[in-house]
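Examining the three-dimensional arrangement
Okay, here's what each chain looks like letter by letter:
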Number of protein chains: 2
Amino acid sequence: MVQDFLHLSITTRDLERSVRFYETLGLQVTQRFGDVAEPGIATAFRLPSSHLKVVYLAAPQGRSGLFIDLVEWVEPTAQGQSYPVANHVGLNRFALRVSDLDALVGTLKEAGVSFLSDEPQSFGVGIRCIVVTDPDGVFVQLIEGL
Amino acid sequence: MVQDFLHLSITTRDLERSVRFYETLGLQVTQRFGDVAEPGIATAFRLPSSHLKVVYLAAPQGRSGLFIDLVEWVEPTAQGQSYPVANHVGLNRFALRVSDLDALVGTLKEAGVSFLSDEPQSFGVGIRCIVVTDPDGVFVQLIEGL
């Protein structure tokens, strides 16, 4: 029986670059697994082998208990590119609830983060959002007011 | 400032087929938005237009507050296929915490759901998992004991 959401997993080409990005966003590293090579992982993911490095990142103020399972595959190496558009089939993006979106956008612009739009967009009553891309191109939606 | 994770968004080619799948998993529809066509969405996602149908799904027993933002794009239509392998760069999968994994696997096998391995795999102390694919090929990891 399903109890709850546990994590979302991002495959990155460069673990430390991604850690820096998510720390800039305001998430915090909660665990590091330097070299994971359990054979069950290869079987579970239907891969020929499995050697990976993993970092967990959570929202320090969050109550959801959710975390990002950030994975750099050592063997087999990562392949392909992130979905290039928001209407691409698949697990396309995730959203973070934020306060003071304008201040956060200012911080992220100073840090050189890429955005899909110049300014936050408004929806419904008091909801505003903007989408950033992580270093591998993953869409991260920042939502205020929901 | 980041407060917490809010949702993860899946682009599907067939909204009702995906709703049935996630209901079989044990999630519950919490909101339906029949025809969303706010111009701000196109701008936020850097798309030429935006007309979409949306369903929210949550874990009825969950405390995370997280939900799936399930999206069928009407205009522009969805493109491409889900990541074909677990080591593909990008937002690759998400995980649900479950109890009685064997019973759930039995139910899902009867419902014709596809798995990446024949049986759940074990990790660490008392952690077991199996990965299923949703109707669009999204990897959903079911984890017991974490």
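Here, the structure is the one placed above.
In what follows, the accompanying structure is described. Predicted model, so just to flag it, every value in this text is computed and none were measured.

**Examining the pattern of salt bridges**
Any two side chains of opposite charge can pair, so long as their charged atoms come close to each other. Residues and elements named next belong to chain A. A complete count under the given rule lists ten salt bridges over all chains for this structure. A salt bridge links Asp-136 to Arg-17, with the nearest nitrogen and oxygen atoms 3.4 Å apart. In this pair, Asp-136 is assigned in the loop between β8 (127-133) and β9 (139-144) and Arg-17 in helix α1 (residues 15-25), connecting sequence segments 119 residues apart. Asp-136 gets classed as buried once you look at its relative accessible area, which sits at 9%. Among the ionic contacts, a cluster of salt bridges with common partners joins Asp-102, Arg-128 and Glu-144.

**Some words on the environment of Asp-35 of chain B**
Residues and elements named next belong to chain B. Structurally, Asp-35 can be placed in strand β2 (residues 28-36). We classify Asp-35 as exposed; its relative accessible area is 53%. A sequence separation of 38 residues divides Asp-35 from Trp-73, and the C-alpha atoms of the two residues are 9.8 Å apart. Aside from chain neighbours lying at most four places away, what touches Asp-35 is His-51, Leu-52 and Lys-53. At a separation of 2.5 Å, a polar atom in the side chain of Asp-35 contacts the side chain of His-51.

**Examining the relation of the copies chain A and chain B**
Superposing chain A onto chain B takes a rotation of 180° combined with a translation of 0.0 Å along the rotation axis, leaving an RMSD of 0.0 Å. Here the two chains are linked by the operation of a two-fold rotation axis. Residue Ser-64 of chain A of chain A places its C-alpha closer to the rotation axis than any other residue of that unit, at 1.9 Å. When you check the interface residues of chain A against chain B, 100% turn up at the interface there too, and the contact is symmetric in its surfaces.

**Some remarks on the side chain of Glu-144 of chain A**
Among the secondary structure elements, Glu-144 of chain A is positioned in strand β9. Here the side chain of Glu-144 of chain A touches Asp-100 of chain A through a polar contact of 3.4 Å, landing on its backbone nitrogen.

**Description of the nonpolar core**
In terms of nonpolar packing, the biggest core is built from 62 residues, with Tyr-22, Phe-94 and Leu-142 of chain A together with Tyr-22, Phe-94 and Leu-142 of chain B touching the most fellow members. Beyond its immediate chain neighbours, meaning those up to four positions away, Tyr-22 of chain B contacts Ile-10, Leu-27, Leu-57, Ile-68, Phe-94, Asp-134, Val-138 and Val-140 of chain B.

**Side note on the pairing of strand β4 (residues 67-75) of chain B**
All names here are of chain B. In this sheet, β4 lies alongside strand β1 (residues 2-11) in parallel orientation, the contact comprising five bridges. Bridge pairing links Ile-10 to Leu-70 in β4. Both strand β3 (residues 51-58) and β4 contribute to a ladder of eight bridges, which runs antiparallel. Bridging from a neighbouring strand, Ala-58 pairs with Phe-67 of β4.

Definitions and limits used
- Residues numbered from 1 in each chain as written.
- Chains lettered and ligands numbered in written order.
- Predicted model: local features only at pLDDT ≥ 70, side-chain atom pairs only at ≥ 80, totals over all residues.
- Heavy atoms only, no water.
- Salt bridge = Lys/Arg side-chain N within 4 Å of Asp/Glu carboxyl O.
- Helix = DSSP H or I, 4+ residues; strand = E, 2+ residues; numbered from the N terminus.
- Buried < 20%, exposed > 50% of the residue type's maximum accessible area, 1.4 Å probe, protein only.
- Contact = heavy atoms within 4.5 Å.
- Polar contact = N/O pair within 3.5 Å; in protein donor to acceptor, adjacent residues only side chain to side chain.
- Least-squares fit on C-alpha atoms with pLDDT ≥ 70 in both.
- Core = buried A, V, L, I, M, F, W, Y, C linked by side-chain atoms within 4.5 Å.
- Pairing = 2+ DSSP bridges.

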